[in-house]
Number of protein chains: 2
Amino acid sequence: MKVVEYPKREEWASLLERPGMDTKTLESTVTAIMKDVGERGDAALREYALKYDKAELGDLAVSEAEFAEAEAAVPKELQNAIGQAKANIEKFHALPATEPQKIETTPGVFCWRRQLPIEKVGIYVPAGSAPLFSTVLMLAIPARIAGCREIVMCSPANSDGKIDPTTLYAARLCGVTKVFKIGGAQAVAAMTFGTESVPRVYKIFGPGNQYVTEAKMQATRFGVAIDMPAGPSEVAVIADDSCVPEFVAADLLSQAEHGPDSQVVLAATSREVIENVMSEIERQVAELPRRETAETALGNSNAFLVSGIGDAVELMNEYAAEHLIIATENAEDVAEQITNAGSIFIGNYSCESAGDYASGTNHTLPTNGYARALSGVSTASFLKSVTYQQLTAEGIRNLGPAIETMAGAERLEAHKRAISVRLAALGGGDGV
Amino acid sequence: MKVVEYPKREEWASLLERPGMDTKTLESTVTAIMKDVGERGDAALREYALKYDKAELGDLAVSEAEFAEAEAAVPKELQNAIGQAKANIEKFHALPATEPQKIETTPGVFCWRRQLPIEKVGIYVPAGSAPLFSTVLMLAIPARIAGCREIVMCSPANSDGKIDPTTLYAARLCGVTKVFKIGGAQAVAAMTFGTESVPRVYKIFGPGNQYVTEAKMQATRFGVAIDMPAGPSEVAVIADDSCVPEFVAADLLSQAEHGPDSQVVLAATSREVIENVMSEIERQVAELPRRETAETALGNSNAFLVSGIGDAVELMNEYAAEHLIIATENAEDVAEQITNAGSIFIGNYSCESAGDYASGTNHTLPTNGYARALSGVSTASFLKSVTYQQLTAEGIRNLGPAIETMAGAERLEAHKRAISVRLAALGGGDGV
């Protein structure tokens, strides 16, 4: 990590800049895949599986026999750990038991709102360097709680034509309705357009590489919603003398191991903290299997020495981290001052790993500064809100004239007349 | 309108298809504008104002003097109507007074969620054929309620270099912090990148033509969130013999006058209703100033004769209308069966105009079938949700082993070690 002491405010923006992603080069590749899958369906998907996953596939859907085989392959200890995580995620993602509240905004004008499940959703679960079954929990559990009728999942097969057993076990456990052996941009294309095997869905969730992300961006041009644009994962830590440098180092490394483009940021209030964290990183990184990845990521990362917690807070509000760990005195008070972050971890025992797997919060969070405007995935991400209104004769009498005036001023005569014909029909009487 | 009697289910999808939008041709124009404004800032904006709006602009920002002049130009009756609408919109968009609830998912593991305002938001208000000041109310009121610190608005100037006075009056009334005389894709570009005059924002709201929509789609590639992809406006009506054909016709026309690409759909349970609505349309359309526009829109629209309310409901769930009017017996029960719609208007006195202006619900709604997955704008659209967690020593002891097991199974060793170092530090003791 590069140490930057007392960065000047006018330099913050450039110091906090994320590594840029050049999507132009892959845009046309993804456009071609989207078109091809849209036109040729399953046949195209089988060809891409052979080309990219080296898998020769018959059925694209995972069979009952494969699910049973997967369950048998997952060790009991892991099943129990997943069970504990699932229970916590369910508790945190439970739907509030609120009834729609009718609001009478003007006498005779009733308005209300209901949340309805998105009927068909798609979940993409990357495989690649490691099976990311925790993604299944984080997406399928809230989808199930929301009441989505169809929960489609796609994940690439390995060269034996199989999906990782823990991923399948988690899918079945969490209520995924259909699983397909499809990876990359072609999976997003399949769920966007539908194919002979794969149902078209209305919203697509899940992380992935740059091709998957680009495909999700393109899917929004075909009437499909997405959870959020995904970028490389990031963690930021605010630390003062009360932090445990060994813990801080472990947290920074747990993010750095994700990929060479992962970003970690440290804002510390003393030179000593930075020095101690740095020497702990040096000690711990040597033992990591993904040492090289972590070292590359750290090479692109900064440790900032700041003059106090106030500055650290402002710096982090400017950065808008996906994960923010607060390892300071009065950590909860500091957390209250944060205006931009995806998820906040308070105090020395609240490490990012907890939220990544099992504490109950969701790990699908806004990266790349999107935490300024977007929320992480929650049960609400699988619901949509519909508004309702009912006007009585009294309501249209009370509100109609104002609507006529406004519609007239916007020169929308037919909008005005929709009121006028009703007021005229009511005449002086009471109407229906 | 074309009448389709008892459409076969396998034909629904094609019968309900929206007119396609070809965005390819304008994509490169918008890309060039985005790049130009990003690079040259205010100078580029002034050139575009001259080119597209025929306005020679000095200051891009609206001055205090201009706001005062605008207020004086808005008739008292219109001010009162706007005031009545504002009060209703505020009532419906009020924030629920809920305190964040801490959930103890496992003993010692506390998780909670808070909603925070998006600090900087941008609102685009189109002008063109008519001043759409109602858009200001629908976007600025919830932004203000959410607590957004900076509410930037852009709207094109006319050839005198002015923005419509009612639009300015509404902006000031509803708490917009800065108003700029910028229209089209260049307004979206200005709010995406920021210029000498215009602040960069984190989320952009508002309707517009295809250039504005394309610019919003492109803005999402530069770290800016948008409210939703906007398409041509639509209304659908479910009607049975209890409907008032005169009202139904007026409602269909109020949508059809929006633009030649507007869509209206009628699903009626009797041939008589269709015939009566059609002859009412013929009578009413003759009186409309926007007769030609409405007739073009109606020409692309269908009236479906269905065998009963059940079929009408299914057809409309397939269509997923932006606005759905239910003019039937037991309209509220019918509304309960709708799974896909932006906003639902229940009964003969609940016309779309009410929701467009003044009942209290928001008129910024998902078009083009997006109601399957997206919600209309609400106060929540101006908030983001941040999750928090705090683990005690007991918490990490209780949950740590499960996290270690899962991280190990995902082959993320550093994630596992972030737990292990804490468990080791705790040893058998109680820790901090």
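These figures come from a predicted structure and were not determined experimentally.

Asks: If you had to explain the overall build of chain A to someone new, which residues and values would you point to?
Replies: For chain A, the count of helices and strands is 17 helices and 14 strands. Principal-axis analysis of the C-alpha atoms gives chain A an extent of 85 × 60 × 45 Å. Pairs at least 24 apart in sequence give 75% of the contacts found in chain A among residues at least 6 apart. Here chain A displays about 15800 Å² of accessible surface, and carbon together with sulfur accounts for 49% of that area. A gap of 11 Å separates the mean positions of the 38 positive and 57 negative side-chain charges of chain A.

Asks: Give a description of the environment of Glu234 of chain A that names residues and reports values.
Replies: Residue and element names in this part refer to chain A. Within the secondary structure, Glu234 is located in strand S9 (residues 234-239). Sequence separation of Glu234 and Ser159 is 75 residues, and the distance between their C-alpha atoms is 31 Å. The contact partners of Glu234, leaving out residues within four places of it in the chain, are Arg18, Gln255, Gln263, Tyr319, Ala320, Ala321, Glu322, His323, Thr367, Asn368 and Gly369. Reaching out from Glu234, the side chain makes a polar contact with the backbone nitrogen of Asn368 at a distance of 2.9 Å.

Asks: Kindly report on helix H10 (residues 245-256) of chain B, identifying the contributing residues and their values.
Replies: All names here are of chain B. If you check H10, its first and last C-alpha atoms are 16 Å apart, about what 12 residues at 1.5 Å a residue would give, namely 16 Å. Burial of H10 is extensive: 11 of the 12 residues sit out of reach of the surface. For H10, the full list of buried residues reads Pro245, Phe247, Val248, Ala249, Ala250, Asp251, Leu252, Leu253, Ser254, Gln255 and Ala256.

Asks: Account for the environment of Gly360 of chain A, with residues named and values stated.
Replies: Residues and elements named next belong to chain A. With respect to the helices and strands, the residue Gly360 is situated in the loop between helix H15 (352-357) and strand S14 (383-391). Taking the C-alpha atoms as reference, Gly360 lies 33 Å from Leu15; in sequence the two are 345 residues apart. If we skip the residues at most four places from it in the chain, Gly360 touches Asn88, Ile89, Phe92 and His93.

Asks: Help me get a handle on the packing of helix H8 (residues 184-193) of chain B against helix H9 (residues 210-219) of chain B, residues and values and all.
Replies: Residues and elements named next belong to chain B. As a packed pair, H8 and H9 sit with axes 7 Å apart at the nearest point and diverge in direction by 25°. In this view, H8 runs roughly parallel relative to H9, as classed from their interaxial angle. Here H8 and H9 pass one another in a crossing that is right-handed. Note on element contacts: H9 touches H8 through Tyr211, Val212, Ala215, Lys216 and Ala219, opposite Gly184, Ala185, Val188 and Thr192.

Asks: So, the state of the cysteines: which residues are in play, and what are the values?
Replies: Disulfide: a covalent bond formed between the sulfur atoms of two cysteine residues. Throughout the structure, instances matching the rule amount to 0 disulfides over all chains. The thiol sulfur of Cys154 of chain A is not disulfide-bonded, and the nearest other cysteine sulfur, from Cys148 of chain A, lies at 16 Å. According to the relative accessible area criterion, Cys154 of chain A is buried, its value standing at 0%. In this structure Cys174 of chain B is not part of a disulfide, and its nearest cysteine sulfur, from Cys148 of chain B, lies 14 Å away. On the basis of relative accessibility, which here comes to 2%, the residue Cys174 of chain B falls in the buried class.

Asks: Describe the sheet that holds strand S10 (residues 263-268) of chain A, listing the residues and the values that go with them.
Replies: Adjacent strands of a sheet form backbone hydrogen bonds with each other and so pair up, either parallel or antiparallel. One open sheet accounts for 9 strands, arranged S1(A)-S11(A)-S10(A)-S9(A)-S12(A)-S13(A)-S14(B)-S3(B)-S2(B); its pairing is mixed. Among the strands making up the open sheet, the edge pair consists of strand S1 (2-5) of chain A together with strand S2 (103-106) of chain B. The sheet shows a mean angle of 20° between the axes of neighbouring strands, taken without regard to direction. Two strands pair when backbone bridges link them, and S1 of chain A and strand S11 (residues 302-305) of chain A are joined in this way by 4 bridges, in the parallel orientation. Within the sheet, the bridge partner assigned to Lys2 of chain A lies in S11 of chain A and is Asn302 of chain A. Sitting on the sheet, helix H5 (residues 76-92) of chain A is in contact with S2, strand S3 (109-117) and strand S14 (383-391) of chain B, with an inclination near 170° to S2 of chain B. Running over the sheet, helix H13 (residues 309-319) of chain A touches S9, S10, S11 and strand S12 (321-327) of chain A and is turned about 170° from S9 of chain A.

Asks: Pulling in residues and values, what's your account of the pattern of salt bridges?
Replies: Two side chains with opposite charge may pair up if their charged atoms get near one another. Residues and elements named next belong to chain A. Within the structure shown, the criterion is met by 44 salt bridges over all chains. One salt bridge connects Glu314 with Arg9, and the closest N-O pair in it is separated by 2.3 Å. Of the two residues, Glu314 sits in helix H13 while Arg9 sits in the loop between S1 and helix H1 (12-15), which places them 305 residues apart along the sequence. Residue class for Arg9 comes out partly exposed when judged on its relative accessible area of 46%. The structure contains a network of salt bridges with shared partners spanning Arg9, Asp311 and Glu314.

Asks: Any details on a negative patch on the surface? Residues and values, ideally.
Replies: A grouping of Asp241, Glu272, Glu275 and Glu329 of chain A is seen on the molecular surface, where their side chains present a negatively charged patch. Note that Glu329 of chain A resides in the loop between S12 and helix H14 (331-336).

Asks: Quick one: what's the story with the packing of helix H2 (residues 24-40) of chain A against helix H3 (residues 42-52) of chain A, residue by residue and with numbers?
Replies: All names here are of chain A. One way to put it is that H2 packs onto H3 with a least axis distance of 6 Å and a crossing angle of 135°. The pairing of H2 with H3 is recorded here as oblique in orientation. Across from Ala32, Ile33, Asp36, Val37 and Arg40 in H2, the residues of H3 making contact are Asp42, Ala43, Ala44, Leu45, Glu47, Tyr48 and Tyr52. Looking at the contact of H2 with H3 residue by residue, the classes come out as 8 nonpolar, no polar and 4 charged.

Asks: Quick rundown of the confidence of the model for chain A? Include the residues and the values.
Replies: Across chain A, the average pLDDT comes to 94, with 98% of residues at 70 or higher. The ipTM value of the predicted complex is 0.95, and its pTM value is 0.96.

Asks: For the domain arrangement of chain A, give the residues involved together with the corresponding values.
Replies: The domain architecture assigned to chain A consists of domain 1 (2-19 + 232-360), domain 2 (23-93 + 116-229) and domain 3 (392-426). Between the C-alpha centres of domain 2 of chain A and domain 3 of chain A there is a distance of 49 Å.

Asks: How would you summarise the packing of aromatic side chains if you had to cite specific residues and measurements?
Replies: The final tally for this structure, using the stated rule, is 10 aromatic pairs over all chains. Between Phe205 of chain B and Phe382 of chain B, the ring centres sit 4.0 Å apart and the planes meet at 15°, which makes this aromatic pair stacked. Here Phe205 of chain B is found in strand S7 (residues 203-205), whereas its partner Phe382 of chain B is found in the loop between helix H15 (352-357) and S14, with 177 residues between them in sequence. One Lys or Arg, Arg372 of chain B, reaches over the ring of Tyr202 of chain A and ends 5.6 Å from the middle of that ring.

Reading guide: rules and limits
- Just so you know, the residues in each chain are numbered from 1, in the order the chain's sequence is written.
- Chains carry letters and ligands carry numbers; both start at the beginning, A for chains and 1 for ligands, and go up in the order they are written.
- Side-chain atom pairs in this predicted model are given and counted only at pLDDT of 80 or more, local residue features only at pLDDT of at least 70, and totals for whole chains, interfaces and linings cover all residues.
- Heavy atoms throughout the structure, all of them, feed into the side-chain values; hydrogens and water do not.
- Put simply, DSSP H or I for four residues or longer makes a helix, DSSP E for two residues or longer makes a strand, and each gets a number counted from the N terminus.
- We call two residues contacting when some pair of their heavy atoms lies within 4.5 Å.
- Surface accessibility follows the Shrake-Rupley procedure with a 1.4 Å probe radius. Residue values consider only the protein chains on display as shielding.
- Positive charges come from Lys and Arg alone, negative charges from Asp and Glu alone, with His and the N- and C-terminal ends not counted.
- Here the site of a charge means NZ on Lys, CZ on Arg, CG on Asp, or CD on Glu.
- The term polar contact refers here to a pair of N or O atoms within 3.5 Å; inside protein, the definition further demands a hydrogen-donor-capable atom paired with an acceptor-capable atom, and it admits residues adjacent in sequence only when both atoms are side-chain atoms.
- Helix span, as expected, comes to 1.5 Å for every residue beyond the first.
- With a 1.4 Å probe rolled over the protein chains alone, any residue whose accessible area is under 20% of its type maximum counts as buried; one over 50% counts as exposed, and the rest are partly exposed.
- Only the stretch in contact is used when fitting a helix axis, every axis being a line fitted to C-alpha atoms; angles between N-to-C directions are given from 0 to 180 degrees.
- An angle below 35 degrees is treated as roughly parallel, one above 145 as roughly antiparallel, one from 65 to 115 as roughly perpendicular, and anything else as oblique.
- Two helices cross in a left-handed way if the nearer one is turned anticlockwise from the farther one by less than a right angle. They cross in a right-handed way if the turn is clockwise.
- Two cysteine sulfur atoms make up a disulfide if the distance between them is within 2.5 Å.
- By this definition, two strands are paired if DSSP reports at least two bridges between them.
- One speaks of a salt bridge when a side-chain nitrogen belonging to Lys or Arg is within 4 Å of a carboxyl oxygen belonging to Asp or Glu.
- A patch is a set of surface residues, each over 30% in relative accessible area and not in a salt bridge, joined within 9 Å for like charges and within 5 Å for the nonpolar side chains Val, Leu, Ile, Met, Phe, Trp and Tyr.
- Under the scheme applied here, ten amino acids are nonpolar (Ala, Val, Leu, Ile, Met, Phe, Trp, Tyr, Cys and Pro), four are charged (Asp, Glu, Lys and Arg), and all others, including Gly, are polar.
- Within a predicted model, pLDDT stands for the predictor's per-residue confidence, ranging from 0 to 100.
- Where each domain starts and ends follows an automatic or database-derived domain assignment.
- For Phe, Tyr and Trp, where Trp contributes only its six-membered ring, two rings pair if their centres lie within 6.5 Å, and the inter-plane angle classes them as stacked under 30 degrees, edge-to-face over 60, or tilted in between.
- Distance and angle both matter: a charge sits over a ring if NZ of Lys or CZ of Arg is within 6 Å of the ring centre and within 35 degrees of the ring normal.

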